[in-house]
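Observations on the three-dimensional arrangement
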Amino acid sequence: MLAVHLVAFFFSKLQEDPTKKVDRFLYAMRLHDDQLKDISARFQAEIKKGLSSESNAAAAVKMLPTHVRSTPDGSEKGQFLALDLGGSKFKVLQVKVREGMGIRKGGVEMEEKTYPIPKELLTGRGTELLDHVSESLKDFMHEKKISMDKKHPLAFTFSFPCEQSSLDQGLLLNWSKKYRVRGLQGKDVVQVLRDAIDRTGGMDVEVLAMVNDTVATMMTCGFDDNYCDVGLIIGTGTNACYMEGLRHIDLVEGDEGRMCVNTEWGAFGDDGALDDFITEFDRDVDAASSNPGKQIFEKMVSGMYLGEIVRLVVLKMAKLGLLFDGHVSDALRTKGKITTANVAAMEEYKNGLKNTKNLLMDLDLTPSKDDCIAVQHVSIIVSFRSSNLVAAGLAAILTRIRQNRNLRTLRITVGVDGTVYKTHPQYPKRLHKVVRRLLPECHVRFVLSDSGSSKGAALVSAVAQRLASRRRQVDETLCPFRLSREQLQLVKARMRAGLEAGLKTKGPSAIKMLPSFVYHTPDGTEHGKYLALDLGGTNFRAMLVNFKKGLQQNARLYHKIYTIPLEIMQGTGEELFDHLAQCVSDFLDYMGMKNAHLPAGFTFSFPCEQTAIDTGTLVSWTKGFKATDCEGHDVVEMLREAIKRRNEFDLDIVAVVNDTVGTMMSCAYEDPQCEIGLIAGTGTNVCYMEELKNIEKTEQTTGRVKREEGTPKGEEDKQGDGSEGEKKEIQKMCINTEWGGLGDDGSLDDIITPYDVEVNQNSVNPGRQRFEKLTSGMYLGEIVRQVLLDLTRGGLLFRGHVTEALKTAGIFETKYLSQIESDRLALLQVRCILQQLGLDSNCDDSIIVKEVCGAVSRRAAQLCGAGMAAVVDKIRENRGLDHLNITVGVDGALYKLHPHFSRVLQETARVLAPQCNVTFLPSEEGSGKGAALITAVARQKQEM
């Protein structure tokens, strides 16, 4: 019975499908998806190691920066010479790139000639090899009748691992592909080529760029497809490159934009990362290679080794009696007898078995049909493993790109070249299928490079030229915004002259220098409860401030905010002030203080002429207010009348102030050295404590001085005898400069750009507030929009496409400057902001937009700094000091929220006023608390 079973088992084995026999034998090469995901995760870890400066030295995958910063956008143009060195022959080409205004509209024409490389040069001296290259270049130029007198840009494809510190420089790390040239390793190959061109003589050639074949493939495909951000070679060797965010590449300075990284992924596994996937056949191939232990991944994947792996498998199976009845021919024992071309032929759809049989017979073997099927299946498993491994590596790169861009799904194109991909009948289809299976969230398109690496190298040069040209034009556009120290000194001098002119009673002055009738800053002894009312925009704020005496003075604040409806803002003045009185009534109810007779300060942030601390005649409405019968009237009296009409409560309105003076007073309560107020927000303004003797326009109102300290009207003459000691008590007054008017007389015309002119002409008050229109939040975004519009019309941004959004005034709000210029914001997020504005940008566009925002906001901060330098130097000279210590109280969203504005302003003031030590103190409670303090100070003086 046992004998029957043995015979049955033997015959079942004989009749077994030969492919299953191979499957069992090569089980370790048949990788399932979980294994591929594991390999992909390992490669992702290798990418991170290679990109980090801390681990790069020990990393197997070197992740070499190429200094290629952009893919083609279709606007490239020019004529280039190209050299392509990377195999047993090299090519010289003339490449003409025709400009198009978008992807697919440009074109490339090429003429080329292939030159052989004598075998002795592959192992000779480096200078001899590049002399041969240079002489061939000169021969090509003669043959094609290319002018020797004219300067020609040259692109150099050099398909060996190099470390590049710039696009036109590269140190050779090591040779591959049978090259063993002496004296070039560790040297700059581009410089050696330049020296060879000089030795040959008779040519005027400028080497613009050196790239490897992988990068050139990406660029070639990128010319026709702007989604192409990955290059892949699967040929004699294998490699991949992709566009990485510069902030992730530690080996290159800077964090703006992108750069193509040459992974040199053939070395994946050199550190043992793939040891558990390496078979005995891979080890045999590696041991017999010219570089044992190196390029492990490449030896499992590339065309140089696939045929040899198949030969070793077939040889082993024959020796074990699993093929050819155990017969082994000498030819089968001979290295290199099965090539990758044979592998491709064995896997042809119709003739594969026939080609397999012919190959085996050429190897002096007598194969059966099952032998042919089995050997064909060996070839399929070996080549399938290759495409699987490439898919795993590619999945790692695409996953990284998707995560870098913070996308749920990724649309991307991979440019591919190489003989295995091009000639193997099944390879592309298998690769595509596995990549899509591993990455269902990515929409991946594969594009075959039609013209190889030479065209790509020329395109790298064309892109480099385009970027350099664009860089020059952008620099020219932004140059007027970049103010020199001399220009800032002039602004300081003009501001100083404007301050002086504004203090005089006669003669025109762009800077109004309005007296505020605030004579003292807080001294810390303020106490009691005060009401502060703040009207400065679409909200009205009522605030109760309780100042407490003590070693550490403090104030308790209670407030409520009320919205002012549009119909009230644009109705009658009586309706507006009745609404304010109603809000005050509600607040006093809320605080349970309806019957208290409280002193109040009124912050009214609209242009007013004051003749006393408690009077303010509205000059003109701004910020959308249009209430009738207000301009030319005293706003304090209008509020008092509204309170009388309501007849519910009584207020003693002691002071009316603008927000700048209120900010100074609020900060002075915290810091006694605070004698300047600065607003840098929607608008801009400065106030400061000026010597009373310098304010000529108050000389005619000295009779009112004492009343403003708290003396009731009509009793001025009863107070004191006008003695010298009494006069000394009042020495300063806060001046509201209204410095935004600097330049209204043309004094800033030499620094005003065409974009500023456009913004001014389109404003509600053309020709007025010129300094404010250069420096304040209301206008900076609009200046940026004008610059972006000009750059786009010039084809330097957004592919020259002017959208309706870009033509819409006011769409680019100043808050976007703060967001875009944030150091923490990646360019991808900048693109998101631009997309919200209807602007479809690429990475290069985002860099330029960020640069424009930076130039406009930096100029604004510098101008404010120059103005501040004029103010502090004036105060120092007023007091006859060699050195001044002073504090500036600051408020405003631009100063507080913009990531760089405050630093640039402070630095400019420090440089332009070196004899002043200026401290900037942001206001915590703003102008409302300041109004309460002015009221408290005035009331305190009355009580003294």
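This text goes with the structure placed above it.
Scope of this entry: the structure provided in the associated data block. (Residues numbered from 1 in each chain as written. Predicted model: local features only at pLDDT ≥ 70, side-chain atom pairs only at ≥ 80, totals over all residues. Heavy atoms only, no water.)

Broken down by element type, the protein chain carries 33 helices and 26 strands. Here the protein chain has a C-alpha radius of gyration of 40 Å; the compact-globule value for 944 residues is 30 Å, and the former is much larger. C-alpha extents for the protein chain along the principal axes are approximately 135 × 85 × 50 Å. The buried share among the 944 residues of the protein chain stands at 57%. A fraction of 72% describes how many contacts in the protein chain between residues 6 or more apart in sequence connect residues 24 or more apart. A total of about 40200 Å² of accessible surface is found on the protein chain, and carbon and sulfur atoms cover 49% of it. Side chains of the protein chain carry 119 positive and 126 negative charges; the gap between the two charge centres is 6 Å. (Helix = DSSP H or I, 4+ residues; strand = E, 2+ residues; numbered from the N terminus. Rg over C-alpha atoms; globule rule 2.2 N^0.38 Å. Buried < 20%, exposed > 50% of the residue type's maximum accessible area, 1.4 Å probe, protein only. Contact = heavy atoms within 4.5 Å. Areas by Shrake-Rupley, 256 points an atom, 1.4 Å probe, with all protein chains shown as cover. Lys, Arg positive; Asp, Glu negative; His and termini not counted. Charge placed at Lys NZ, Arg CZ, Asp CG, Glu CD.)

Spatial ordering of the open sheet is given by β1-β11-β10-β9-β12-β13, a layout of six strands whose pairing is mixed. Since the sheet does not close on itself, it has two edges, and those belong to β1 (64–65) and β13 (442–448), each with one partner. Where strand β9 (residues 228–234) and strand β12 (residues 410–417) come together, five bridges link them in parallel fashion. Following the sheet pairing, Ile233 is matched in β12 by Asp417. (Pairing = 2+ DSSP bridges.)

This model, assessed by the stated rule, comprises 57 salt bridges. The partner of Asp756 in a salt bridge is Arg859, with the nearest N and O atoms 2.7 Å apart. Here Asp756, found in helix α25 (residues 754–761), pairs with Arg859, found in helix α30 (residues 843–878); they are 103 residues apart in sequence, far enough to count as distant. Pair check on accessibility: Asp756 and Arg859 agree, each one buried. For Lys807, the salt bridge identified is with Glu804, shortest N-O distance 3.1 Å. Residue classification places Lys807 among the partly exposed residues on the basis of a relative accessible area of 42%. Judged by its relative accessible area of 57%, Glu804 is exposed. Linked by salt bridges that have partners in common, Lys492, Arg496, Glu500, Glu690, Asp873, Lys874, Arg876 and Glu877 make up one network. (Salt bridge = Lys/Arg side-chain N within 4 Å of Asp/Glu carboxyl O.)

A word on the packing of helix α2 (residues 18–25) against helix α14 (residues 369–404). Following both chains from N to C, one finds α2 and α14 inclined at 40 degrees, their axes separated by 8 Å at the closest point. Here α2 lies oblique to α14, going by the angle between them. For α2 against α14, the interelement crossing comes out right-handed. Along the contact surface, α2 presents Pro18, Thr19, Val22 and Asp23, while α14 presents Asp370, Ile373, Ala374, His377, Val378 and Ile381. (Axes fitted to C-alpha atoms, helices over the stretch in contact; angles between N-to-C directions. Parallel < 35°, antiparallel > 145°, perpendicular 65-115°, else oblique. Left-handed = near helix turned anticlockwise from the far one by under 90°.)

This brings us to the pairing of strand β6 (residues 162–166). Note that β6 and strand β7 (residues 169–172) share three bridges and pair antiparallel. Across the sheet, residue Glu163 finds its bridge partner in β7, namely Leu171. Between the end of β6 and the start of β7, which pair antiparallel, lie two residues.

Below, the discussion takes up the sheet that holds strand β23 (residues 684–691). Pairing is mixed in the open sheet, where six strands are placed in the order β14-β24-β23-β22-β25-β26. Unpaired on one side and paired on the other, β14 (514–515) and β26 (916–922) mark the two borders of the sheet. Direction of pairing for strand β25 (residues 884–891) relative to β26: parallel, over a ladder of seven bridges. For Ile886, the partnering residue across the bridge sits in β26 and is Val918. Helix α22 (residues 659–670) rests against β22 (674–680), β23, β24 (732–736), β25 and β26 of the sheet, and its axis sits at about 135 degrees to β22.

What follows is about the pairing of strand β21 (residues 651–657). Most of β21 is tucked away: six of the seven residues are buried. Summarising the sheet, strand β18 (residues 598–604) and β21 pair through six bridges and their orientation is parallel. Counterpart to Leu598 in the pairing with β21 is Leu651.

Counting through the fold element by element, Asp188 comes out in the loop between β7 and α6 (189–200). Although Asp188 is buried, it makes no salt bridge; Arg194 carries the closest opposite charge, 5.0 Å away. Polar side-chain contacts of Asp188 include one of 3.1 Å to the backbone nitrogen of Val190. Beyond its immediate chain neighbours, meaning those up to four positions away, Asp188 contacts Gln169, Gly170 and Leu171. (Polar contact = N/O pair within 3.5 Å; in protein donor to acceptor, adjacent residues only side chain to side chain.)

Applying the stated criterion to the full structure yields 21 aromatic pairs. Measuring from centroid to centroid gives 5.1 Å for Phe43 and Phe268, while their planes differ by 55 degrees, and the two rings are tilted. In this pair, Phe43 sits in helix α3 (residues 33–51) while Phe268 sits in the loop between β11 (258–262) and α8 (280–287), placing the two residues 225 residues apart along the sequence. For Phe43, a relative accessible area of 1% gives the class buried. Note on Phe812 and Tyr816: the rings are 5.9 Å apart at their centroids and 70 degrees apart in plane angle, and the pair reads as edge-to-face. The exposure class assigned to Phe812 is buried, which follows from its relative accessible area of 3%. Given a relative accessible area of 11%, Tyr816 falls into the buried group. In this structure an aromatic cluster arises from ring pairing among Phe156, Phe158, Phe160, Trp175 and Tyr179. Above the face of the Tyr590 ring, Lys560 is positioned so that its terminal group lies 4.7 Å from the ring centre. (Phe/Tyr/Trp six-rings, centres within 6.5 Å; stacked < 30°, edge-to-face > 60°. Lys NZ or Arg CZ within 6 Å of the ring centre and 35° of its normal.)

Tracing the backbone shows Gln915 in the loop between α32 (901–912) and β26. Sequence separation between Gln915 and Arg333 is 582 residues, and the spatial gap between their C-alpha atoms is 89 Å. Those residues in contact with Gln915 that lie beyond four places of it in its chain are Arg876, Asp882, His883 and Leu884.

Here we take up the packing of α25 against helix α27 (residues 777–793). Packing of α25 against α27 leaves a shortest axis separation of 9 Å and a crossing angle of 125 degrees. The orientation of α25 relative to α27 falls into the category oblique. Considering the relative orientation of α25 and α27, their crossing is right-handed. Contact with α25, carried on its side by Tyr755, Asp756, Glu758 and Val759, involves Tyr779, Glu782, Ile783, Gln786, Val787 and Asp790 of α27 and no other residues of that element.

A word on unusual backbone geometry. What you tend to see is this: most non-glycine residues have negative phi, and most peptide bonds are trans. In this structure, Glu264 takes a positive phi of about 50 degrees despite not being glycine. Examined against the element boundaries, Glu264 turns out to sit in the loop between β11 and α8. The buried category is assigned to Glu264, whose relative accessible area is 12%. Even without glycine at this site, Phe324 takes up a positive phi of about 55 degrees. Note on placement: Phe324 falls in the loop between α10 (303–319) and α11 (330–333). By relative accessible area, which is 4% here, Phe324 ends up buried.

Formally, a disulfide is one covalent bond, and it connects the sulfur atom of one cysteine to the sulfur atom of another. Applying the stated rule across the entire model yields zero disulfides. In this structure Cys162 is not part of a disulfide, and its nearest cysteine sulfur, from Cys260, lies 14 Å away. Cys630 forms no disulfide, and the closest cysteine sulfur to it belongs to Cys608, at a distance of 10 Å. A relative accessible area of 1% means that Cys630 is categorised as buried. (Disulfide = S-S within 2.5 Å.)

With respect to the helices and strands, Arg402 occurs in helix α14. Judged by its relative accessible area of 15%, Arg402 falls in the buried class. Non-local contacts of Arg402, meaning those with residues more than four positions away in its chain, are made with Leu407, Arg408, Leu410, Glu441 and Cys442.

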